[in-house]
Amino acid sequence: MKAVVKYAAGAEHVKLREIPEPTPGPGQVLLEVIYTGVCGTDLHVMRDEYKVNPPVVMGHEVLGRVIEVGSVEDADLWLGKRVVTETFFRCCERCEMCRAGRRNMCEERESIGSFRDGGFAEKLIVPVLNLHEVPAGVPDEIAALAEPLACTCHALLLQSSIKAGQTVLVTGPGPMGYLAAQVSRASGARVTLAGISADAEKLARLASDGITTTTETPPELAFDVAMRCAR
Ligand SMILES: [Zn+2]
Ligand SMILES: [Zn+2]
């Protein structure tokens, strides 16, 4: 099968390659990739700015379909299902973070796309425990945004908590900034999405009911919550 492989450490060293199709072991499934998003992390991996274990297939924002299961008892539940997946493949299951249910923070986690083969391929293997079924009616191209949306919800709703009526400033109108603005708005906040003058056209398009846009960056202290989504 075809896969985009980071084949050695160092900058670049990324190629489209032919690699053998993986076979799921017990407790794992084989996904046929529908879409995999390109994350900022993938660019860091390409530029040698992120820890990787090459050769490894890049990509962790995966929407796929379960086409094979490694354990027969998983067949009824998962075979044929359209799913998104957690990004960690393996964690220590022992550390404080793992035991607190925050396996994404485990120091020893091995994530897909950097330490285990990821979604820039026709197929990939993930643990069955990492699967989330996508409800029917959610289009593929929207479902493929589940991982960046989950990051945004984690930051806005679990780490801090946005309350109805609060004012929220989001700087940076890229995908993460826009998701942050949408999650804040859905939580009942009044949102200002700010960018630079080069963003003017995009900001005009993103302005909507509950999201005010501006090319001037207002002072963060004037808002209940401020989120920086720009580099
Ligand atoms: Zn990502
Ligand atoms: Zn751990």
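Residues numbered from 1 in each chain as written. Chains lettered and ligands numbered in written order. Predicted model: local features only at pLDDT ≥ 70, side-chain atom pairs only at ≥ 80, totals over all residues. Heavy atoms only, no water.

**Considerations on the coordination of the zinc ion (ligand 1)**
Now for step 1: In this structure, C39 (SG), H60 (NE2), E61 (OE) and E147 (OE) serve as the protein donors to the zinc ion (ligand 1), at separations of 2.1 to 2.8 Å.
Now for step 2: Here the zinc ion (ligand 1) binds four donor atoms, and the angle range of 75 to 156° at the metal identifies the geometry as irregular.
Now for step 3: All donor residues of the zinc ion (ligand 1) come from one chain, and their arrangement in sequence is C-x20-H-E-x85-E. On the criterion of sequence distance, the pair formed by C39 in the loop between β3 (28-37) and α1 (40-46) and E61 in strand β5 (residues 61-69) is long-range, its members being 22 residues apart. (Donors = N, O, S within 2.8 Å, 3.2 Å for Na, K, Ca; no water. Tetrahedral: all angles 85-135°; square planar, octahedral: opposite > 155°, others 65-115°. Helix = DSSP H or I, 4+ residues; strand = E, 2+ residues; numbered from the N terminus.)

**Regarding the pairing of β3**
Now for step 1: Summarising the sheet, β3 and strand β9 (residues 123-127) pair through five bridges and their orientation is antiparallel. Across the sheet, the residue bridging to L30 is I125, located in β9.
Now for step 2: Bridging between β3 and β5 involves eight bridges; their strand directions are antiparallel. Paired with G37 across the two strands is E61, which belongs to β5. (Pairing = 2+ DSSP bridges.)

**So, the coordination of the zinc ion (ligand 2)**
Now for step 1: Taken together, the protein donors to the zinc ion (ligand 2) comprise C92 (SG), C95 (SG), C98 (SG) and C106 (SG), at separations of 2.3 Å.
Now for step 2: One can describe the donor arrangement at the zinc ion (ligand 2) as tetrahedral, given that its four donor atoms subtend angles of 104 to 117° at the metal.
Now for step 3: Each donor residue of the zinc ion (ligand 2) belongs to the same chain, with the gaps between them written as C-x2-C-x2-C-x7-C.
Now for step 4: The exposure class assigned to C95 is partly exposed, which follows from its relative accessible area of 24%.
Now for step 5: Relative accessible area serves as the criterion here: at 7%, C98 is assigned to the buried category. (Buried < 20%, exposed > 50% of the residue type's maximum accessible area, 1.4 Å probe, protein only.)

**Notes on helix α5 (residues 146-159)**
Now for step 1: Between its first and last C-alpha atoms α5 spans 18 Å; for 14 residues at 1.5 Å apiece the expected length is 20 Å, and the two agree.
Now for step 2: Where α5 bends most, at C153, the angle is about 25°.
Now for step 3: All buried positions along α5 are accounted for by E147, P148, T152 and L156.
Now for step 4: Its buried side turned inward, α5 meets β5, α6 (175-186) and β14 (225-228). (Expected span 1.5 Å × (residues − 1). Bend = angle between axes of the 7 residues up to and from the residue. Contact = heavy atoms within 4.5 Å.)

**Focus on the layout of surface pockets**
Now for step 1: Roughly 230 Å³ of volume is contained in the second largest pocket.
Now for step 2: Lining the second largest pocket are V84, H132, E133, V134, P135, V138, I142, A143, L145, A146, L149 and L179.
Now for step 3: Of all elements in the fold, only β10 (131-133), α4 (140-143) and α5 reach the threshold of two or more residues within the lining of the second largest pocket. (1 Å grid on protein atoms, 1.4 Å probe; cavity = no way out; pocket = protein on both sides within 12 Å on 5 of 7 lines; lining within 4 Å. Points joined across faces, edges and corners; volume = space filled by probe spheres on them.)

**Side note on the sheet that holds strand β6 (residues 82-85)**
Now for step 1: The strand order β9-β3-β5-β6-β10 describes an open sheet built from five strands, whose pairing is antiparallel. Across the chains shown, the open sheet's two edge strands, defined by having one partner strand only, are β9 and β10. Within the sheet, the average angular offset between the axes of one strand and its neighbour, ignoring direction, is 45°.
Now for step 2: The sheet contact formed by β5 and β6 spans three bridges and is antiparallel. The residue bridging G64 from the neighbouring strand is V83, located in β6. (Axes fitted to C-alpha atoms, helices over the stretch in contact; angles between N-to-C directions.)

**Here's the deal with the pattern of salt bridges**
Now for step 1: For the structure on display, the rule yields six salt bridges.
Now for step 2: Across the salt bridge formed by R228 and E220, the nearest N and O atoms sit 2.8 Å from each other.
Now for step 3: For R228, a relative accessible area of 65% corresponds to the exposed category.
Now for step 4: One salt-bridge network, in which partners are shared between bridges, spans R90, E110 and R116. (Salt bridge = Lys/Arg side-chain N within 4 Å of Asp/Glu carboxyl O.)

**Some remarks on unusual backbone geometry**
Now for step 1: The peptide bond linking P54 to P55 adopts the cis configuration, its omega dihedral lying at -5°.
Now for step 2: In this fold, P55 is placed in the loop between α1 and β4 (56-57).
Now for step 3: Not every positive phi belongs to a glycine, and E12 is a case in point at roughly 60°.
Now for step 4: Residue position: E12 is located in the loop between β1 (2-6) and β2 (14-18).
Now for step 5: For H13, which is not glycine, the phi torsion reads 55° and is therefore positive.
Now for step 6: You can see H13 is positioned in the loop between β1 and β2.

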